[in-house]
Amino acid sequence: MYKIFFQLVFRRMDPERAHHLAVRWIRCAARVPVLRTFVAAALAPRFEELRTEAFGLRMHGPFGLAAGFDKNAVAVDGMAMLGFDHVEIGTVTGEPQPGNPPKRLFRLVPDRALINRMGFNNEGSASVAARLAARRAVFRTTVGVNIGKTKVVPESEATADYVRSTERLARHADYLVVNVSSPNTPGLRGLQAVDQLRPLLTAVREAADRTVTGRRVPLLVKIAPDLADEDIDAVADLAVELGLDGIIATNTTVARDTLGLASDPALTAETGGLSGAPLKARSLEVLRRLYARVGDRVTLVGVGGVEDAEDAWQRVLAGATLVQGYSAFIYRGPFWSRAIHQGLAARLALSPYATLAEAVGADTRKVTA
Ligand SMILES: Cc1cc2nc3c(=O)[nH]c(=O)nc-3n(C[C@H](O)[C@H](O)[C@H](O)COP(=O)(O)O)c2cc1C
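Remember, it's a predicted structure, so these values are computed and weren't measured experimentally. (Residues numbered from 1 in each chain as written. Predicted model: local features only at pLDDT ≥ 70, side-chain atom pairs only at ≥ 80, totals over all residues. Heavy atoms only, no water.)

Trainee: Can you help me understand the overall build of the protein in this one?
Mentor: Looking only at helices and strands, the protein features 15 helices and 13 strands. Counting only residues that meet the buried cut, the protein has 59% of its 369 residues in that class. Counting contacts in the protein only where the partners sit at least 6 residues apart, residues at least 24 apart contribute 74% of the total. In the form shown here, the protein has an accessible surface area of approximately 15,300 Å², with 56% of it arising from carbon and sulfur atoms. Between the averaged position of the 46 positive side-chain charges in the protein and that of its 39 negative side-chain charges there is a distance of 7 Å. (Helix = DSSP H or I, 4+ residues; strand = E, 2+ residues; numbered from the N terminus. Buried < 20%, exposed > 50% of the residue type's maximum accessible area, 1.4 Å probe, protein only. Contact = heavy atoms within 4.5 Å. Areas by Shrake-Rupley, 256 points an atom, 1.4 Å probe, with all protein chains shown as cover. Lys, Arg positive; Asp, Glu negative; His and termini not counted. Charge placed at Lys NZ, Arg CZ, Asp CG, Glu CD.)

Listed below in structure tokens is the structure:
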């Protein structure tokens, strides 16, 4: 049914307009008590066997909404109502910024993909922190806060910008993500080099510890799929060295070689980050490489091209404790998360593993044994 709706309504609309409309509907539904209870009962059934613990946080399941969908934390309860076990808001930058000029989001429907060059359009850390502080949660969900660099801040002052965001946002975050992998902020991905990343992550860790008392906010880093293998290994080693809680793999790619021939060449030539189905193989490969390197010492989050329960299950077997998605939500609609949970529960029941945690990394361990 959603497929027909997508073809008739969303596909005819500008993608960014369709996004804002969908978010408005989700927010509205989550505000009406009877409606939200009904929707959550239909779309977010709970599966005991999928209960997950990641970096000390207990969640209903492993499947969450990736960063970028709810940049300003306006729809956290709405997304929880739709069945996401965690919601990663952001990317939030130190200062508010408009992002790149439109058009900046493109649908590659035959490829089940998106290209975006949004450029971290967001209301800024002070405003998002105020919204999170005022939030009265109606659904229990885990809220991750993803932070990035303000575009106008020079690269030499990047750390101070991340620290400012951390000081404002860490207390409202169940976990914090340092995003150094968006292709749409000039110079950002250079921060993935370990000599840049080490002082940045150390400063963010210290800022989180300074501003949040009574608990330790888990800290993760989100990396690009375009890193060379040796750079992935270097980030993995750094994560272990610093006692980082997690690595999110991956962000969007600047590569285009996995696209088919069916999408409009004018669209595939757009600059920006490619997400969705064409990213699947590389994201999985990066995840496997990370797990082979860090094992259980660092929690891994698998994202990039996850479309169905089988994809999510493959991420778990490759080493992901948590799995996220964004692009397939656009194509599959509100029943997507439910289908993933049902399929994951079925796969776990048929597998030799008693719990989801036991399945994490099982395939990668076999290959590297
Ligand atoms: C329109 C759009 C905006 C995004 N914005 C962000 C962002 O602000 N921060 C971030 O870390 N990732 C962002 N992402 C990347 C996603 O979080 C995710 O890593 C990527 O899309 C791969 O997952 P997918 O194939 O399931 O979409 C964005 C993705 C899309 C499609």
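More follows now that the structure is in view.
Trainee: Would you mind going over the pattern of salt bridges with me for this structure?
Mentor: Close approach of charged atoms allows side chains of opposite charge to pair. One pass over the structure, following the stated rule, counts 25 salt bridges. Ionic pairing is found between Glu123 and Arg131, a salt bridge with its closest N-O pair at 3.0 Å. Close ionic contact of Arg210 with Glu167 constitutes a salt bridge, the shortest N to O distance being 3.0 Å. With Arg210 in helix α7 (residues 194-211) and Glu167 in helix α6 (residues 158-169), this residue pair connects regions lying 43 residues apart in the sequence. Judged by its relative accessible area of 52%, Arg210 is exposed. Salt bridges sharing common partners tie together Asp229, Asp233, Asp237, Arg282, Glu285, Arg289 and Arg293. (Salt bridge = Lys/Arg side-chain N within 4 Å of Asp/Glu carboxyl O.)

Trainee: Looking at this structure, I do not really get the site of the ligand. What am I missing?
Mentor: Taken together, 25 residues lie around the ligand, and Ala67, Thr91, Lys222, Gly305 and Ser327 are the ones closest in. Contact between the ligand and Asn146: an oxygen atom at 3.0 Å from a side-chain N or O atom of the residue. One nitrogen or oxygen atom from the main chain of Gly305 is found 2.7 Å from an oxygen atom belonging to the ligand. Computed on the free molecule, the ligand has an accessible area of 610 Å², of which 98% lies beneath the protein chains in the complex. For the shell around the ligand, the elements supplying multiple residues, two or more each, are β4 (86-93), β6 (113-116) and β11 (273-276). Classifying every residue of the shell around the ligand gives eight nonpolar, 15 polar and two charged. (Near = heavy atom within 4 Å. Polar contact = N/O pair within 3.5 Å; in protein donor to acceptor, adjacent residues only side chain to side chain. Nonpolar A, V, L, I, M, F, W, Y, C, P; charged D, E, K, R; others polar.)

Trainee: Would you mind going over the side chain of Arg205 with me for this structure?
Mentor: Within the secondary structure, Arg205 sits in helix α7. Discounting chain neighbours no more than four positions away, the residues touching Arg205 are Arg216, Val217, Pro218, Leu219 and Asp245.

Trainee: Explain the UniProt feature "active site" (unreviewed entry) in the protein here, please?
Mentor: The feature "active site" (unreviewed entry), as annotated in UniProt, sits at Ser182 in this numbering. Along the chain, Ser182 falls in the loop between β8 (175-179) and α7. A polar side-chain atom of Ser182 sits 3.1 Å from the main-chain amide nitrogen of Asn184. (UniProt positions renumbered as here; feature names shortened; annotations may be inferred.)

Trainee: Sorry, what's going on with the pairing of β11 here?
Mentor: Look at any regular strand and the pattern is simple: side chains alternate between the two faces of the sheet. Of the two faces of β11, the one lined by Gly273 and Ser275 and the one lined by Leu274 and Gly276 are each fully buried. As paired strands, β6 and β11 are joined by four bridges and run antiparallel to one another. Bridging from a neighbouring strand, Asn116 pairs with Gly273 of β11. (Pairing = 2+ DSSP bridges.)

Trainee: Hey, could you run me through helix α10 (residues 280-294) in this one?
Mentor: Side chains that are three or four residues apart share a direction in an α-helix, a result of its 3.6 residues per turn. The end-to-end C-alpha distance of α10, which contains 15 residues, comes to 21 Å, matching closely the 21 Å that a straight helix rising 1.5 Å per residue would cover. Taken residue by residue, α10 has Ser283, Leu284, Val286, Leu287, Leu290, Tyr291 and Val294 as its buried positions. End-on, the buried residues of α10 take up no more than an arc of 160°, which puts them together on one face. Downstream of α10 by a residue or two, Gly295 has a phi angle that is positive, lying close to 55°. (Expected span 1.5 Å × (residues − 1). Arc of directions from axis to C-beta.)

Trainee: How do you make sense of the packing of helix α5 (residues 125-134) against α6 when you look at a structure like this?
Mentor: Each pair of packed helices can be described by the angle between their axes along with the distance between the axes. Relative to each other, α5 and α6 sit at 15°, their axes nearing to 9 Å. Judged by the inter-axis angle, α5 sits roughly parallel to α6. The hand of the α5/α6 crossing is right-handed. Residue-level inspection shows Ser125, Ala126, Val128, Ala129 and Leu132 of α5 in contact with α6, the latter providing Ser165, Arg168 and Leu169. By residue class, the composition of the contact of α5 with α6 is five nonpolar, two polar and one charged. (Axes fitted to C-alpha atoms, helices over the stretch in contact; angles between N-to-C directions. Parallel < 35°, antiparallel > 145°, perpendicular 65-115°, else oblique. Left-handed = near helix turned anticlockwise from the far one by under 90°.)

Trainee: What should I look at first to understand the pairing of strand β5 (residues 105-108) in this one?
Mentor: Of the two faces of β5, the one carrying Leu105 and Arg107 and the one carrying Phe106 and Leu108 are both buried. Connecting β5 to the antiparallel partner β6 that follows it, the hairpin turn spans four residues, and Arg112 within it adopts a positive phi of roughly 50°.

Trainee: Quick question: what am I supposed to make of the nonpolar core here?
Mentor: Nonpolar side chains in soluble globular proteins generally cluster together in the buried interior. Membership of the largest hydrophobic core comes to 98 residues, with the highest contact counts inside it found for Met79 and Ile89. Dropping the residues within four chain positions of it, Ile89 is found in contact with Asp70, Ala73, Val76, Val128, Leu132, Val143, Gly144, Val145 and Asn146. Judged by nonpolar contacts, the second largest core, of twelve residues, contains Phe55, Leu57, Leu220 and Ile248. (Core = buried A, V, L, I, M, F, W, Y, C linked by side-chain atoms within 4.5 Å.)

Trainee: How do you make sense of the sheet that holds strand β13 (residues 322-325) when you look at a structure like this?
Mentor: The pairing of strands in a sheet comes from backbone hydrogen bonds and takes either a parallel or an antiparallel form. Spatial ordering of the closed barrel is given by β3-β4-β7-β8-β9-β10-β12-β13, a layout of eight strands whose pairing is parallel. Each adjacent strand pair in this sheet contributes to an overall mean axis angle of 25°, direction not counted. Bridging between β8 and strand β9 (residues 219-223) involves four bridges; their strand directions are parallel. Considered in β9, the bridge of Val177 is made with Leu220. Sheet strands in contact with α5 are β4 and β7 (142-148), and its direction is about 150° off that of β4. Contacts from α7 reach β8 and β9 within the one sheet, and its direction differs from that of β9 by about 145°.

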